[in-house]
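Structural overview for review
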Amino acid sequence: VQLIESGGGLVQAGGSLRLSCVASGNYDSINSMGWYRQAPDMQRVLVAVVVSGGSTEYADSVKGRFTISRDNAENTVYLQMSSLKTEDTGVYYCNAQGDYGRVLYDTWGQGTQVTVSS
């Protein structure tokens, strides 16, 4: 599975951005797709995830501001980010987990930079 992210950029605090991640390649299933953020000199942390049944989970810091959604037909996951804060700045990585030929995979995209200015 390959993941291609898009939609990052520079935005002022209070603004909005939408990230997209498209999955392609060979797989039998994608059980979950999610977004993680890595700020400079920090560990990569979960932002939001959606599982195949549609359930979602969010980091406390983004609840009420970010919305994750998934288009199964297009193998795409979106992250709508609103009311952005400077602390949302970082590289956002898309993640997909599933199986192919009874082998589990855990795949990352190349990352897209999000910078929120004050």
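It should be noted that the structure appears before, not after, this text.
Since the structure is predicted, the reported quantities are computational estimates derived from the model, not experimental observations.

1. Regarding the sheet that holds strand 1 (residues 2-6)
Sheet strands pair via backbone hydrogen bonds, and the direction of the pair is either parallel or antiparallel. Ordered by their spatial adjacency, four strands build an open sheet running 1-3-8-7, and the pairing between neighbours is antiparallel. Strands at the two margins of the open sheet, each flanked by one partner only, are strand 1 and strand 7 (66-71). Each adjacent strand pair in this sheet contributes to an overall mean axis angle of 15°, direction not counted. In the sheet, strand 7 pairs with strand 8 (residues 76-81) via six bridges, with the strands oriented antiparallel. Of the residues in strand 8, the one forming a bridge with F66 is M81.

2. Quick word on the environment of V47
Among the structural elements, V47 can be located in strand 5 (residues 45-51). A relative accessible area of 0% means that V47 is categorised as buried. Put simply, V47 and I68 are 21 residues apart on the chain and 9.3 Å apart in space, counted from C-alpha to C-alpha. Beyond its immediate sequence surroundings of up to four residues, V47 is in contact with W35, Y36, R37, E57, Y58, A59, V62, F66, L79 and Y92.

3. Some details on the pattern of salt bridges
Overall, the coordinates contain three salt bridges when judged by the stated rule. Note that D88 is salt-bridged to R37, the shortest N-O span being 3.9 Å. With a gap of 51 residues between them, D88 in the loop between strand 8 and strand 9 (90-100) and R37 in strand 4 (residues 29-38) connect regions that are remote in the sequence. Since its relative accessible area comes to 11%, R37 is described here as buried. Among the salt bridges present, the one from D88 reaches R65, with a minimum N-O distance of 2.8 Å. Highlighted residues: D88 in the loop between strand 8 and strand 9 and R65 in the loop between strand 6 (56-58) and strand 7, separated in sequence by 23 residues. Just as D88 is buried, R65 falls in that class too.

4. A short note on the pairing of strand 11 (residues 112-117)
What you see with strand 11 is a clean split: T112, V114 and V116 sit on the buried side and Q113, T115 and S117 on the side with no burial. Sheet topology places strand 2 (residues 9-12) next to strand 11; four bridges connect them, and they run parallel. Paired with Q12 across the bridge in strand 11 is S117. Inspection of the sheet shows strand 9 paired to strand 11 by three bridges, in the antiparallel sense. By the bridge assignment, V91 is partnered in strand 11 with Q113.

Criteria and thresholds
Residues numbered from 1 in each chain as written. Predicted model: local features only at pLDDT ≥ 70, side-chain atom pairs only at ≥ 80, totals over all residues. Heavy atoms only, no water. Pairing = 2+ DSSP bridges. Helix = DSSP H or I, 4+ residues; strand = E, 2+ residues; numbered from the N terminus. Axes fitted to C-alpha atoms, helices over the stretch in contact; angles between N-to-C directions. Buried < 20%, exposed > 50% of the residue type's maximum accessible area, 1.4 Å probe, protein only. Contact = heavy atoms within 4.5 Å. Salt bridge = Lys/Arg side-chain N within 4 Å of Asp/Glu carboxyl O.

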